[in-house]
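The chain contents come next:
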Amino acid sequence: MNASMPDHADLSALAAEHGTPLLVLDCAELERRYRALAAALPGVDLYYAIKALPDPQVIRALNALGSGFDVASAGELALLRAGRVDPRRAIHTHPIKKPADIKAALRFGCTTFVVDNPAELEKFLPFRHRVGLMLRVRFRNPGAVCDLSRKFGCSPEEAPMLLARARQLGIPVKGLSFHVGSQSDGAATHVAAIRECAALIARERAHGSPLSVLDIGGGFPADYADTKTDIAEWCAPIAEALAALPPSLEVIAEPGRYLVAPAVTGLFSVVGQAVRDDGRWYYLDDGLYGSFSGQLYDHSRYSLEVIAEGPTSPATLAGPTCDSIDVIAEGIELPVLSIGDLVIGRTMGAYTAASATDFNALPRARIV
Ligand code: PLP
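Heads up: these notes are all about the structure in this document. What you see is a predicted model; the values in this text were computed from it and never measured.

Topic: the overall build of the chain
Line of reasoning, step 1. Counting its regular elements, the chain contains eleven helices and 18 strands.
Line of reasoning, step 2. Taken over C-alpha atoms, the radius of gyration comes to 22 Å for the chain, in line with the 21 Å a tight globule of 368 residues would show.
Line of reasoning, step 3. Once the C-alpha set of the chain is aligned to its principal axes, its extents read approximately 70 × 40 × 40 Å.
Line of reasoning, step 4. Partitioning the contacts of the chain with sequence separation of at least 6, the portion at a separation of at least 24 is 69%.
Line of reasoning, step 5. Total accessible area on the chain is roughly 15,900 Å²; 54% of this is exposed by carbon and sulfur atoms.

Okay, structure coming up:
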């Protein structure tokens, strides 16, 4: 257990007060991580990617620190509006948008959007006097757990053609963006992407595209297992690559996972137990359709703890729905648990509650 994590006594008290399933958000940890990432990337403005954990308390805490926000939908914009966030600190980064999404963002006052193809660019023709676009470029990264460049981004070779098309249409493009994929195993793809974008920007400036922003996306990792990433060390090659850019270039980033993942601890209760052919099964009040959805969508595994003590044997932890896919962990060593015992999940802030469903009309975990 890391020193900043809430201990078992505090967590038991919170479960008793609020009930389970519960996601406990530690705003002090969130603040520490925001400051650590900002220090590791000097001169880079951070825009929290709301999709990682679209929670009003997270927005309030980061807004107080001066963070910007990266939104991908009208629903995320609504969270910013409710949190009274200055729209000038919002960027819309979804490369594919309905016209209604564009209008909703403009009504809010967000004028920065991302595009990556001619059809999307043309959607901005009616709004060309009110927007500044960023062109998303793809850089494949086999070392990322979620390689987002399979689905989004033009190739570096296509970028000049798209920028020329934008100039022809009179639509201002103010910068380039990329996302090397989430939970990247190292900074090498960021560095290669920064260098390639810098070269593109220099060439395009000569052709009359006044590109002044580089958005280096997310991908900064969280520690799910027993690792302890030093974020300053992890980002050092990125900071070095950024230091070589012209000072006139504004650099921004869109961190999601790194900020929120370790700031949330999950609390779940054993609600049922059975002995089956393969050993003991414990049924929890949350599972793959709820806060553990990241095990499916985000390919994450959360480290689990129990408070109960005693000799252990292999057991299965299952979720509360009627579906047989809803199994959280199999063959894990656990002491004998009783109904009502707590199971604690660490590093459960990113892409957990965000992708939870209401399947079986079960309530989602509360966040406190
Ligand atoms: N920005 C965009 C456009 C994304 O799609 C994502 C994640 O999917 C993020 C930022 C956040 O990335 P991460 O959680 O790796 O920091």
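Details of the pattern of salt bridges
Line of reasoning, step 1. Taken as a whole, this structure holds 13 salt bridges when the rule is applied.
Line of reasoning, step 2. In this structure, Arg35 engages Glu31 in a salt bridge whose closest nitrogen and oxygen atoms are separated by 2.9 Å. Of this pair, Arg35 and Glu31 are both found in helix H2 (residues 27–40), four residues apart, which corresponds to roughly one turn of the helix.
Line of reasoning, step 3. Judged by relative accessible area, Glu31 falls into the partly exposed class, the value being 33%.
Line of reasoning, step 4. Ionic pairing is found between Arg165 and Glu122, a salt bridge with its closest N-O pair at 3.1 Å. Taken together, the positions of Arg165 in helix H7 (residues 159–169) and Glu122 in helix H6 (residues 118–122) put the pair 43 residues apart, joining distant regions of the chain.
Line of reasoning, step 5. Relative accessible area serves as the criterion here: at 36%, Glu122 is assigned to the partly exposed category.
Line of reasoning, step 6. Each of the salt bridges in this network shares a partner with another, and the network as a whole consists of Glu29, Arg32 and Arg33.

As for the side chain of Arg346
Line of reasoning, step 1. Secondary-structure assignment places Arg346 in the loop between strand S17 (342–345) and strand S18 (366–367).
Line of reasoning, step 2. Since its relative accessible area comes to 2%, Arg346 is described here as buried.

So, unusual backbone geometry
Line of reasoning, step 1. Put simply, Thr20 and Pro21 share a cis peptide bond, and its omega is 0°.
Line of reasoning, step 2. Relative to the helices and strands, Pro21 is located in the loop between helix H1 (8–18) and strand S1 (22–25).
Line of reasoning, step 3. In this model, Gln183 sits at a positive phi of 55°, which is unusual for a non-glycine residue.
Line of reasoning, step 4. By relative accessible area, Gln183 is classed as buried at 14%.
Line of reasoning, step 5. The backbone of His299 shows a phi angle near 55°, a positive value even though the residue is not glycine.

Digging into the packing of aromatic side chains
Line of reasoning, step 1. Within the structure shown, the criterion is met by nine aromatic pairs.
Line of reasoning, step 2. Seen from their ring centres, Phe268 and Phe292 are 4.9 Å apart, and the 50° between their planes marks the pair as tilted. Highlighted residues: Phe268 in strand S12 (residues 264–276) and Phe292 in the loop between strand S13 (279–284) and helix H11 (294–297), separated in sequence by 24 residues. The residues Phe268 and Phe292 share a single accessibility class, namely buried.
Line of reasoning, step 3. A centroid spacing of 4.4 Å and a plane angle of 40° characterise the contact between Tyr289 and Phe359, whose relative ring orientation is tilted. With a gap of 70 residues between them, Tyr289 in the loop between S13 and H11 and Phe359 in the loop between S17 and S18 connect regions that are remote in the sequence.
Line of reasoning, step 4. For Tyr289, a relative accessible area of 22% puts it in the partly exposed group.
Line of reasoning, step 5. Since its relative accessible area comes to 35%, Phe359 is described here as partly exposed.
Line of reasoning, step 6. An aromatic cluster is present here, built from Tyr224, Phe268, Phe292 and Tyr302 joined pairwise through their rings.
Line of reasoning, step 7. Over the face of the ring belonging to Tyr258 we find Arg33, whose NZ or CZ atom lies 4.0 Å from the ring centre.

Structural notes on the nonpolar core
Line of reasoning, step 1. Among the nonpolar cores identified, the biggest contains 98 residues, and Tyr48, Leu214, Ile216, Phe220 and Ile238 are the most heavily contacted of them.
Line of reasoning, step 2. The next biggest cluster of nonpolar side chains, apart from the first, holds seven residues, and it includes Leu11, Leu22, Val24 and Ile344.

Side note on the side chain of Ser182
Line of reasoning, step 1. Here Ser182 shows up in strand S9 (residues 182–184).
Line of reasoning, step 2. You can call Ser182 buried: its relative accessible area is 8%.
Line of reasoning, step 3. Among the polar contacts listed, one links the side chain of Ser182 to the side chain of Arg257, at a separation of 3.0 Å.
Line of reasoning, step 4. Once residues within four sequence positions are removed from consideration, Ser182 is found in contact with Ala144, Val145, Cys146, Leu148, Gly219, Arg257 and Tyr351.

Thresholds applied
- Residues numbered from 1 in each chain as written.
- Predicted model: local features only at pLDDT ≥ 70, side-chain atom pairs only at ≥ 80, totals over all residues.
- Heavy atoms only, no water.
- Helix = DSSP H or I, 4+ residues; strand = E, 2+ residues; numbered from the N terminus.
- Rg over C-alpha atoms; globule rule 2.2 N^0.38 Å.
- Contact = heavy atoms within 4.5 Å.
- Areas by Shrake-Rupley, 256 points an atom, 1.4 Å probe, with all protein chains shown as cover.
- Salt bridge = Lys/Arg side-chain N within 4 Å of Asp/Glu carboxyl O.
- Buried < 20%, exposed > 50% of the residue type's maximum accessible area, 1.4 Å probe, protein only.
- Phe/Tyr/Trp six-rings, centres within 6.5 Å; stacked < 30°, edge-to-face > 60°.
- Lys NZ or Arg CZ within 6 Å of the ring centre and 35° of its normal.
- Core = buried A, V, L, I, M, F, W, Y, C linked by side-chain atoms within 4.5 Å.
- Polar contact = N/O pair within 3.5 Å; in protein donor to acceptor, adjacent residues only side chain to side chain.

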